[in-house]
Amino acid sequence: MRIVIIGSGIAGAGTAWQLARRGAEVVVVDADLAGRATAAGAGIVSPWNSRTLDGEELAFHAEGAAYYRTLVEDLAAEGAGETSFAIVGGLVVSPDETWLREFHERALARARRWPDAGEVTLLDPAGAAERMPLLAPELGAVHIAGGGRVDGRTLRETFLAAAAARGARLLDGAAELEVRSGRVAGVRVAGDVVEADGVVLAAGAWTAPLAAALGVPLPVEPQRGQISHFGVGEPGTASSDSASPDTASPDTAAWPVVSPAGSGHYMLAFPDSRVVAGATRETGAGFDHRVTAEGQREVLTQALTVAPGLADATLLETRVGFRPVTPDGRPVIGALETHPEVTVLTGFGAGGLTIGPYAASLAAAAALGERPGIPALLRPERFGGAG
Ligand SMILES: Cc1cc2nc3c(=O)[nH]c(=O)nc-3n(C[C@H](O)[C@H](O)[C@H](O)COP(=O)(O)OP(=O)(O)OC[C@H]3O[C@@H](n4cnc5c(N)ncnc54)[C@H](O)[C@@H]3O)c2cc1C
């Protein structure tokens, strides 16, 4: 069975690996578009930190975070490369003790339901600063030990390499659906047709026009996110180059994910003395792939309010990505009712690095004609039309 996947972000790359390990013949096509969300995503995998997620959506995100534990083992078992996933803990921070005590209760309830959240502890400002030294001195925290983070670029590469090791082919170019006699027969790339038994639409914020070609409404839109990377420690030492070790740079590898109360912004760290802070959430900016003055100001203002200790850090780069968002804010996963040969996997919004790998395992099963128990609230037909 040959399945072509359009898009190789976390959605497409994860699906490619899942399908390849299940014996399908896989072809992945990617146009390498500017603003790929996976290349910009911060990488927080700690839904228990969330101040806004609730109900079934939180449950799905928790499932996604829990799945990382299995994923890391499965990839290691087949000798795949680095996943970059690490459990570093999460800090939900606030200057308001009353708010923190209430959130502490919520987090304890979450940890009882989802044990992967780990131990939950209320910390005073000194305790919070011990975990994350750059924090503003008035911030206390709720610490959630099971919080994790991942580098989306690294995990995507590892998925693609593991899929390729199992025979998947990777093609460069923009894909269109090849429809014959009312059925999707494959995809067209640079004038050539790749025949397929099934097609997976995993084109992120660019998925809507592909579905529209089938008369299926899939209202996925780009939400621009601008996110900045900082080097902490001595200038120029934010490098993983072990040939030039520098003791002046702090070891950021175990720094937790920081989520301030009352804000959609956040901060996290990676091993190379790199701190990442973001991000804007700009709906209506279209596919405008620029770092804007206002976007940069918003990111810097929020970051320095929460972590004044970043003031002397080096601003290394600002990335821009388009989150694929739906009107109800939920992902879209599953085979189309009118075109069962087409499976959709998109609409991950701000949580794609958390839920992407798990959702990819569901999409792969759907593409193989199985019924993997996708929650009804995530299915494509909820948008009506011919979905
Ligand atoms: C600033 C920012 C911060 C984020 N932080 C987090 C976070 O901390 N935690 C978290 O869980 N999530 C986070 N996210 C969300 C997450 O990054 C996204 O939800 C996820 O990466 C979306 O993956 P995707 O594969 O659906 O889309 P993408 O990564 O955008 O991939 C889509 C791919 O499709 C290709 N493509 C499109 N059209 C075609 C075509 N016609 N033919 C061929 N190829 C095509 C593109 O080139 C692209 O490579 C963040 C996102 C942003 C932007």
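Residues numbered from 1 in each chain as written. Predicted model: local features only at pLDDT ≥ 70, side-chain atom pairs only at ≥ 80, totals over all residues. Heavy atoms only, no water.

1. Digging into the sheet that holds strand S8 (residues 148-149)
Sheets are built from strands paired through backbone hydrogen bonds, the pairs being either parallel or antiparallel. One open sheet accounts for three strands, arranged S3-S8-S4; its pairing is antiparallel. Here the strands that pair on one side only, and so sit at the sheet edges, are strand S3 (44-45) and strand S4 (86-87). Sheet topology note: the S4/S8 ladder contains two bridges and is antiparallel. Across the sheet, the residue bridging to Ile-87 is Gly-148, located in S8. (Pairing = 2+ DSSP bridges. Helix = DSSP H or I, 4+ residues; strand = E, 2+ residues; numbered from the N terminus.)

2. Here we look at the packing of aromatic side chains
Evaluation of the coordinates by the stated rule reveals eight aromatic pairs. Judged by centre distance (5.5 Å) and plane angle (55°), the ring pair of Phe-60 and Tyr-358 falls under tilted. Taken together, the positions of Phe-60 in helix H3 (residues 55-77) and Tyr-358 in helix H9 (residues 352-367) put the pair 298 residues apart, joining distant regions of the chain. Classification of Phe-60 by relative accessible area gives buried; the value is 8%. Arranged with centres 5.3 Å apart and planes meeting at 80°, the rings of Phe-287 and Phe-322 form a pair that is edge-to-face. Separated by 35 residues along the polypeptide, Phe-287 in the loop between strand S18 (282-283) and helix H8 (293-306) and Phe-322 in strand S19 (residues 314-325) bring together distant segments of the chain. (Phe/Tyr/Trp six-rings, centres within 6.5 Å; stacked < 30°, edge-to-face > 60°. Buried < 20%, exposed > 50% of the residue type's maximum accessible area, 1.4 Å probe, protein only.)

3. Comments concerning helix H1 (residues 10-21)
Taking 1.5 Å of rise per residue, the twelve residues of H1 would be expected to cover 16 Å, and the 16 Å separating its terminal C-alpha atoms lies within 8% of that figure. Gly-23, located one to two residues past H1, shows a positive phi value of around 90°. (Expected span 1.5 Å × (residues − 1).)

4. A look at the domain arrangement of the protein
Think of interface size as the accessible area that goes away when the parts come together; that is how it is often given. Parsing the protein into structural domains produces domain 1 (2-39 + 153-219 + 327-383) and domain 2 (86-147 + 222-325). On the side of domain 2, eleven residues touch domain 1, which itself brings 16 residues to the contact. Approximately 1,000 Å² of surface area, both sides summed, lies buried where domain 1 meets domain 2, with 63% of it carried by carbon and sulfur atoms. Of all residues in domain 1, the largest losses of buried area upon contact with domain 2 belong to Gly-35, Ala-205 and Gly-349, amounting jointly to 38% of the total for that side. Summed over the shared surface of domain 1 and domain 2, the number is zero salt bridges. In this assembly, domain 1 and domain 2 are joined by four residue pairs in polar contact (both at pLDDT 80 or more). In terms of residue class, the side of domain 1 that touches domain 2 is made up of nine nonpolar, five polar and two charged. (Domains from an automatic or database assignment. Contact = heavy atoms within 4.5 Å. Buried area = accessible area lost by both parts, 1.4 Å probe. Salt bridge = Lys/Arg side-chain N within 4 Å of Asp/Glu carboxyl O. Polar contact = N/O pair within 3.5 Å; in protein donor to acceptor, adjacent residues only side chain to side chain. Nonpolar A, V, L, I, M, F, W, Y, C, P; charged D, E, K, R; others polar.)

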